[in-house]
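# Observations on the three-dimensional arrangement
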Amino acid sequence: MRRARRRGLAHEAADRIRESILQGTVPPGAPLREVDLATRLDVSRGSVREGLALLERDGLVVSEWHRGARVIELTPTDVDEVYTVRGALERLAAHRAAARVTDARLAELSGLVDALDRALSDDTDAVELLRLDLGFHDLLYETAANTRLAGAWQALRSPVHLFQLTRIRRCHPHYRRDSVEEHRALVDLLRRREADAAAACAEAHVAASRDALIAMLDTGPSGTDDDLDRLT
């Protein structure tokens, strides 16, 4: 974890903690102790406390009385709730995008799918794979041209990022088999301006991600008290 550059800034502390969570340095369920974080980031405990509150609003952190803050856990309930909402948003985004997509934007979307295909073939690390994957969805919402829809996506984006990172790392063969094909199918439907079919395809893509995540949740360790030792 990189040190915060200016003492006393809650947003700076939140950015550094978020960065470590979304890069997988701090796994789901790991404790986030104010004293340790303040020392590692070289900021006040107050700044860390405020930063953790910001991350709680982002959906990445939970705080409990007498237990302190920790990274959110991956449970079937959490995944189902987040991805049910995401599926509804993605359906609307794809439907709107089909009526608004330009040839230039189709080229951008196709380029991201091609880059994802190459990255999977080259066995690129999970962080880069996810950057390309979420970049595709960011462009889809941008194409939909609805600021409130985009805002709703941003409110879910951090937990989706964390969930998808875990999915890629734990069940990479499934991700490799399905991800490129599903993205290409959506681009093809957008190219043909088939709004209803694109909406259904986008929702099915999210549902497949949800099902894959829930299926792999009983494998792999959860976070422990030693995880903060990896914040470097």
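Relevant structure appears above.
Below is a short write-up of the structure. (Residues numbered from 1 in each chain as written. Predicted model: local features only at pLDDT ≥ 70, side-chain atom pairs only at ≥ 80, totals over all residues. Heavy atoms only, no water.)

## Points about the overall build of the chain
Each helix and strand counted, the chain has nine helices and three strands in total. When the 232 residues of the chain are sorted by exposure, 50% land in the buried category. The long-range fraction of contacts in the chain, counting pairs at least 24 apart against all pairs at least 6 apart in sequence, stands at 78%. Of the accessible surface of the chain, which amounts to about 11,100 Å², a share of 50% is contributed by carbon and sulfur atoms. (Helix = DSSP H or I, 4+ residues; strand = E, 2+ residues; numbered from the N terminus. Buried < 20%, exposed > 50% of the residue type's maximum accessible area, 1.4 Å probe, protein only. Contact = heavy atoms within 4.5 Å. Areas by Shrake-Rupley, 256 points an atom, 1.4 Å probe, with all protein chains shown as cover.)

## Structural notes on the packing of helix H1 (residues 10–22) against helix H3 (residues 45–58)
Put simply, H1 and H3 touch, their axes get as near as 7 Å, and they point 60 degrees apart. The angle between the axes of H1 and H3 places the two elements in the oblique class. Note on packing geometry: the crossing formed by H1 with H3 is right-handed. Residues Ala10, His11, Ala13, Ala14, Ile17 and Arg18 of H1 lie in contact with H3, whose contacting residues are Ser47, Val48, Glu50, Gly51, Leu52, Leu54, Leu55 and Asp58. Here the contact of H1 with H3 is composed, by residue class, of eight nonpolar, three polar and three charged. (Axes fitted to C-alpha atoms, helices over the stretch in contact; angles between N-to-C directions. Parallel < 35°, antiparallel > 145°, perpendicular 65-115°, else oblique. Left-handed = near helix turned anticlockwise from the far one by under 90°. Nonpolar A, V, L, I, M, F, W, Y, C, P; charged D, E, K, R; others polar.)

## As for the sheet that holds strand S2 (residues 61–64)
Pairing within the open sheet is antiparallel, and its three strands lie in the order S1-S3-S2. A strand with exactly one partner marks an edge of an open sheet, and here the two such strands are strand S1 (31–32) and S2. Bridging between S1 and strand S3 (residues 68–71) involves two bridges; their strand directions are antiparallel. In the sheet register, Leu32 faces S3, and the bridge partner there is Ala69. Running over the sheet, H3 touches S1, S2 and S3 and is turned about 115 degrees from S2. (Pairing = 2+ DSSP bridges.)

## Considerations on helix H2 (residues 34–41)
Inspection of H2 places Glu34, Leu37, Ala38 and Leu41 among the buried residues, and these make up the whole buried set. All buried residues of H2 lie within an arc of 100 degrees about the axis, which places them on one face of the element. Contacts made by the buried residues of H2 are with H1, S1 and H3. A positive phi of about 60 degrees marks Asp42, the residue just after H2. (Arc of directions from axis to C-beta.)

## Comments concerning the nonpolar core
Membership of the largest hydrophobic core comes to 72 residues, with the highest contact counts inside it found for Ile21, Leu32, Leu186 and Leu190. In terms of residue count, helix H6 (residues 126–144) provides more of this core than any other element does, ten residues in total. If sequence neighbours within four positions are ignored, Leu190 has contacts with Ala94, Ala97, Ala98, Val101, Leu106, Leu109, Leu140 and Ala198. (Core = buried A, V, L, I, M, F, W, Y, C linked by side-chain atoms within 4.5 Å.)

## Side note on the pairing of S2
Relative to S3, S2 runs antiparallel, the two sharing four bridges. The residue of S3 that forms the bridge with Val61 is Val71. Linking S2 to S3, which pair antiparallel, is a turn of three residues; within it His66 sits at a positive phi near 75 degrees.

## Regarding the pattern of salt bridges
Counted by the stated rule, this structure contains 19 salt bridges. The salt bridge partner of Glu34 is Arg45, with a shortest N-O separation of 3.3 Å. Note that Glu34 is positioned in helix H2 and Arg45 in helix H3, a separation of eleven residues in sequence. Glu142 serves as the salt-bridge partner of Arg105, at 3.0 Å between the closest nitrogen and oxygen. Residue Arg105 is found in helix H5 (residues 103–121), and its partner Glu142 is found in helix H6; the two are separated by 37 residues along the sequence. Its relative accessible area of 13% is what places Arg105 among the buried residues. Here the salt bridges do not stand alone but share partners, grouping Glu12, Arg16 and Glu19 into one network. (Salt bridge = Lys/Arg side-chain N within 4 Å of Asp/Glu carboxyl O.)

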